[in-house]
Amino acid sequence: MRDDAVGDEALLQRVMKRQAALSLKVAAVFVLLLLGLPLANLYLPRLGASNVGGFTLTWLFLGVLFYPITWVLSSVFVKNSNCIESELVAENTSSSLSSTSHLGNEEGAK
Amino acid sequence: MSLIPFAFVVLITIATIGIGVIATRGAKTASDFFVAGRSVGVMMNASAISGEYLSAASFMGIAGLVMKSGYDALWYPVGYAAGYLFLLLFIAGPLRRFGAYTIPDFAQGRFDSPTFRKVAVTFVLFIGFFYTMPQMKGAGVTMSSILNWPYWAGIAVVGTVITFNVAIGGMKGITLVQAFQYWAKLFAISIPFFVLAAVLGGGATPANAPSPMLKPGTKLKIKGEAAAPANALSFPSSTGVTFRVLTPTRFKVSDARKAEPADDPGSAPLWSADVSSPAEGGVSRAEAGTIITTSPQDRTQGGQVVAKTGPKFEFLDPTEIEVIGSEPVPAPNAPSNEKWLNPYGPMTSKHGYPLLYTYSLIIALVCGTAGLPHILVRFYTNPDGRAAKKTTLFVMVMLGAFYVFTPLWGTLGRAFMPQLYANNSTDAVVIRLPMMLENPLLGQILSGITSAGAFAAFMSTFSGLLVSMSGAFAHDIYGRILRPESSPQQRLVAFKVAAIGVGIVSMLLGLLVEQFDIATMVGWAFAIGAASYFPLLLLGAWWRGLTKYGAALGMLLGGLLSVTAIVMSMLLDKKVLTMDFPPLVRSLMEQPAIWAVPLSLLTMYVVSKATAKSLPSDVTSKMLRLHAPEELGLSKNYVD
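Computed from a predicted structure; not experimentally measured.

Draft legend 1. Quick look at the overall build of chain A. Within chain A, the regular secondary structure consists of 4 helices and 2 strands. Mapped from its N terminus to its C terminus, chain A presents α and β elements in the order α-α-β-β-α-α. Taking all 110 residues of chain A together, the buried fraction comes to 29%.

Draft legend 2. Looking closely at the overall build of chain B. The secondary structure content of chain B amounts to 24 helices and 13 strands. Taking 2.2 N^0.38 as the reference for a compact globule, 640 residues should give roughly 26 Å; the C-alpha atoms of chain B span a radius of gyration of 26 Å, in line with that estimate. Relative to its full complement of 640 residues, chain B shows a buried share of 59%. Intrachain contacts of chain B at a sequence separation of at least 6 include 82% that bridge at least 24 residues.

Draft legend 3. Local environment of the sheet that holds strand E12 (residues 319-324) of chain B. All names here are of chain B. The strand order across the open sheet formed by 5 strands is E2-E12-E4-E8-E6, and the pairing between neighbours is antiparallel. On the outer flanks of this sheet lie strand E2 (219-222) and strand E6 (271-273), each paired with one strand and no other. Across the sheet, the mean angle separating the axes of adjacent strands is 25° when strand polarity is ignored.

Draft legend 4. Structural detail: the domain arrangement of chain B. Residue and element names in this part refer to chain B. Here chain B is partitioned into domain 1 (3-200 + 342-632) and domain 2 (213-333). Using only C-alpha atoms to locate each centre, domain 1 and domain 2 end up separated by 39 Å. Opposite the 10 residues of domain 1 that make contact, domain 2 presents 14 residues. Per element, the largest residue contribution to the side of domain 1 that touches domain 2 is 3 residues, and it comes from helix H15 (residues 419-422). When the residues that make up the side of domain 1 that touches domain 2 are grouped by side-chain class, the tally is 3 nonpolar, 4 polar and 3 charged.

Draft legend 5. Just the sheet that holds strand E7 (residues 284-286) of chain B, in detail. All names here are of chain B. The strand order E3-E11-E5-E7 describes an open sheet built from 4 strands, whose pairing is antiparallel. Strands with a single pairing partner mark the edges of an open sheet, and in this sheet they are strand E3 (232-234) and E7. Each adjacent strand pair in this sheet contributes to an overall mean axis angle of 30°, direction not counted. Inspection of the sheet shows strand E5 (residues 249-255) paired to strand E11 (residues 311-315) by 5 bridges, in the antiparallel sense. When the sheet's bridge partners are listed, Phe-251 is paired in E11 with Phe-315.

Draft legend 6. Looking closely at the pairing of strand E8 (residues 291-294) of chain B. All names here are of chain B. Where burial is concerned, the two faces of E8 differ: the one with Ile-292 and Thr-294 is buried and the one with Ile-291 and Thr-293 is not. Of the pairings in the sheet, the one linking strand E4 (residues 242-245) to E8 comprises 3 bridges and is antiparallel in character. Considered in E8, the bridge of Arg-244 is made with Ile-291. Pairing geometry for E6 and E8, over 3 bridges, is antiparallel. If you follow Trp-271 over to E8, its bridge partner there is Thr-294.

Draft legend 7. Seen up close, the packing of helix H7 (residues 114-147) of chain B against helix H8 (residues 151-200) of chain B. Residue and element names in this part refer to chain B. In the contact formed by H7 and H8, the axes pass within 7 Å of each other and the chain directions differ by 120°. With respect to H8, the element H7 is oriented oblique. Classified by chirality, the crossing of H8 by H7 is right-handed. When H7 is examined against H8, the residues Met-136, Ala-139, Gly-140, Thr-142, Met-143 and Ser-144 are found in contact with a partner set consisting of Tyr-151, Trp-152, Ala-153, Gly-154, Ile-155, Val-157 and Val-158. Split by residue class, the contact of H7 with H8 holds 9 nonpolar, 4 polar and no charged.

Draft legend 8. Representation of H8 of chain B. Relative to the 74 Å expected for 50 residues at 1.5 Å per residue, H8 of chain B spans just 31 Å between its end C-alpha atoms, considerably shorter than the ideal helical length. At Gly-170 of chain B, H8 of chain B shows its maximal bend, which comes to roughly 120°.

Draft legend 9. Looking closely at helix H22 (residues 583-590) of chain B. All of the buried residues in H22 of chain B are Arg-586, Ser-587, Leu-588, Met-589 and Glu-590 of chain B. In the core, the buried residues of H22 of chain B are packed alongside helix H11 (354-369), helix H21 (548-573) and helix H23 (593-610) of chain B.

Draft legend 10. Geometry of the interface of chain B and chain A. With 49 residues of chain B in contact, the opposing surface of chain A contributes 50 residues. Among the elements of the structure, helix H5 (75-98), H11, helix H13 (385-403) and helix H24 (619-627) of chain B are those that each provide at least two residues to the side of chain B that touches chain A. Among the elements that make up the side of chain B that touches chain A, the one with the highest residue count is H13 of chain B (9 residues). Looking at the side of chain B that touches chain A, its residues break down into 32 nonpolar, 11 polar and 6 charged.

Draft legend 11. Representation of the environment of Phe-180 of chain B. All names here are of chain B. Mapping Phe-180 onto the fold places it in helix H8. By the C-beta count within 10 Å, which is 22 here, Phe-180 ends up buried. Spatially, the C-alpha atom of Phe-180 lies 7.5 Å from that of Ser-47, the residues being 133 residues apart in sequence.

Draft legend 12. Up close: the confidence of the model for chain B. Residues and elements named next belong to chain B. Scored by pLDDT, chain B comes out at a mean of 88, with 98% of its residues at no less than 70. When mean pLDDT is compared element by element in chain B, H23 scores highest at 96, while helix H2 (residues 30-35) scores lowest at 74. Across the whole predicted complex the pTM is 0.90, and at the interface the ipTM reaches 0.89.

Draft legend 13. The packing of helix H4 (residues 56-69) of chain B against helix H14 (residues 406-416) of chain B, seen in detail. Residue and element names in this part refer to chain B. Closest axis-to-axis distance for the H4/H14 pair is 7 Å, and the angle between their directions is 50°. As the angle between them shows, H4 and H14 are arranged oblique. At the point where H4 passes H14, the crossing takes the right-handed sense. Facing Ile-62, Ala-63, Gly-64, Val-66 and Met-67 of H4, the residues of H14 in contact are Thr-406, Pro-407, Trp-409, Gly-410, Gly-413 and Arg-414.

Draft legend 14. Up close: the nonpolar core. Residue and element names in this part refer to chain B. Ranked by internal contacts, the top residues of the largest apolar core, which has 229 residues, are Cys-367 and Ala-530. Among the elements that line this core, the one with the most residues is H8, at 19 residues. Built from parts of two domains, this core gets at least three residues from each of domain 1 (3-200 + 342-632) and domain 2 (213-333).

Draft legend 15. Spotlight on the environment of Gly-154 of chain B. Residue and element names in this part refer to chain B. Inspection of the secondary structure puts Gly-154 in helix H8. Overall, Gly-154 belongs to the buried group, with 27 C-beta atoms counted inside 10 Å. Once the C-alpha coordinates of Gly-154 and Tyr-359 are considered, the two residues, 205 residues apart in sequence, prove to be 36 Å apart. Aside from chain neighbours lying at most four places away, what touches Gly-154 is Ala-139, Gly-140, Thr-142, Met-143, Ser-144 and Trp-149.

Quick notes on the rules
- Residues numbered from 1 in each chain as written.
- Chains lettered and ligands numbered in written order.
- Predicted model: local features only at pLDDT ≥ 70, side-chain atom pairs only at ≥ 80, totals over all residues.
- Helix = DSSP H or I, 4+ residues; strand = E, 2+ residues; numbered from the N terminus.
- Buried ≥ 20, exposed ≤ 12 C-beta atoms within 10 Å, placed from the backbone.
- Rg over C-alpha atoms; globule rule 2.2 N^0.38 Å.
- Contact = placed C-beta atoms within 7 Å.
- Pairing = 2+ DSSP bridges.
- Axes fitted to C-alpha atoms, helices over the stretch in contact; angles between N-to-C directions.
- Domains from an automatic or database assignment.
- Nonpolar A, V, L, I, M, F, W, Y, C, P; charged D, E, K, R; others polar.
- Parallel < 35°, antiparallel > 145°, perpendicular 65-115°, else oblique.
- Left-handed = near helix turned anticlockwise from the far one by under 90°.
- Expected span 1.5 Å × (residues − 1).
- Bend = angle between axes of the 7 residues up to and from the residue.
- pLDDT = per-residue confidence, 0-100.
- Core = buried A, V, L, I, M, F, W, Y, C linked by C-beta atoms within 7 Å.

Rendered as structure tokens:
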């Protein structure tokens, strides 16, 4: 039999590395917005206070535009994350016929 | 007040019971009760999660808080909605793949530690009960403001209906109900807003809003000492206000502006009364009919005028006053347009560290959303990890569509119902604003719609909490800790018994919290979740080196220190505790997430490194179960 432990370890490394890289990239954009807006409010108060259609610019950004921005970020994530999963499935089912044997080893449900 | 709003509330309640009963047909197995058979579709589950999540705090609290504090309060809805992005990026997929029934299952399964399950269960109940109390308060307050029912009556209605629904159908019974309630809430927050904005006209947008003014003849109901600090009226510094006292009361007067050490001692009195009665120990008295006039004064430092202040009246007895005169006057307790519209207003600046306060609030909301067990458990109802991710995306869109309206309600309330500031009841703006319309029928119908929306909010959130807490009792405490040998059938009975028990306790707790702010209480639940479950799930899913000791200690330390800091801060606000803390410490106590979340993460890291030997030998297969796509056959439900 193939050495499961070594195979699993390598697979885990690959899965987590790719997913984590994607998650961190999207999170970085999000964190930048969350950290940046309070700073912009502090250092550029006049820009933030300019009137845009009855809103101040900063109110419009936080109270209205922020939501669609997070929608875009999450849909980018979901799309790419699913791509990564499909790739992984393709790689692992073509390169080695490993997977099904694992099920029996799990203590799983009790 | 009227039968029309009452009819709407009855309608939503009957719909809730009816849909619950219909959805319950076919809920038979334990899996149906705990995780709705793991077969809930993406759209349905996203509606249900959104329905469950939009609570009293979202439906009533945010509009009230934006009305009270302005721009700074916008962080609340943004944090509530955007928190799901963190949940999506780091937690949703792995958590679903683990395939448990409850979050404590994850705690035990990931670390092979039954002891850790106990710690985790404690926090489910802790967060659950903290989150339940404001829902109950919302129900009590709404019924008393539309029908003048006593406070306990609304609690009894919501508590009984939902306990019934959960006990007969569990998760399967409430999923359809919550999904329906999301759409009911979206309708109730949006349509009445458009009608009101069209009828009332200008002032619907924040930067064009007029200053909040009170017309002569406006009556203000004021709470007594028991409601402190909600018994205070800060009068404007720009102009004097004359009012008639309608019921006798005792009161104390001080500067509305916070005194600074460099101030010259003030001399001229800030108020006068037509009938003077002697003050004793700083406490004055006014009889019914007494007319009081405020006179704002300059405050100087070294002879230079630095500010103007009006008086702040603290009423010791509940009373009512009537504004008199010929011109509208600025509303007491309302922040100025400038402070309200711009960042770093009264809410974040009150302890002098606005940037720190803002960051800490953001961390609490964003991390807290990803750490609420009653929300997380819903991800187990998805068929697989991919569906869990897609569900989260849909939830974010649905929540955003709802939240975008809440600050606009606050804006309208500021312009058209400023007496709510003085009554300290901005929380009721969504319910009461429609009654301002000149067409009383239209006003009552709109108020009926928002009241029904508010009821949908209490009921759906309470359903979710009740399922999550009953699950903790029946599945974790009874089924895993007390009677591991019990049959699924016995656990199902335990679930029903637990639902009834938790329902009764929740109603009793609700009776105790009439004096607390809805948003504040929800804030506690978020802060505890942010510093306990969020670090556990983040590191548990992504760091194989996390040990049970590290996870348990980090969770306990972060969660308990946060709750201690918050409760102390609240007791200081209510003047139950009288200790002097530097403003920096006060700010960090009121918003603890900025230190508690890193502390919890750091504790987990350090303790795990020190106890690395206790890592389970099969940690790789556990991690694979969290991360590998289902097609590889490596993930297997922890409980089927």
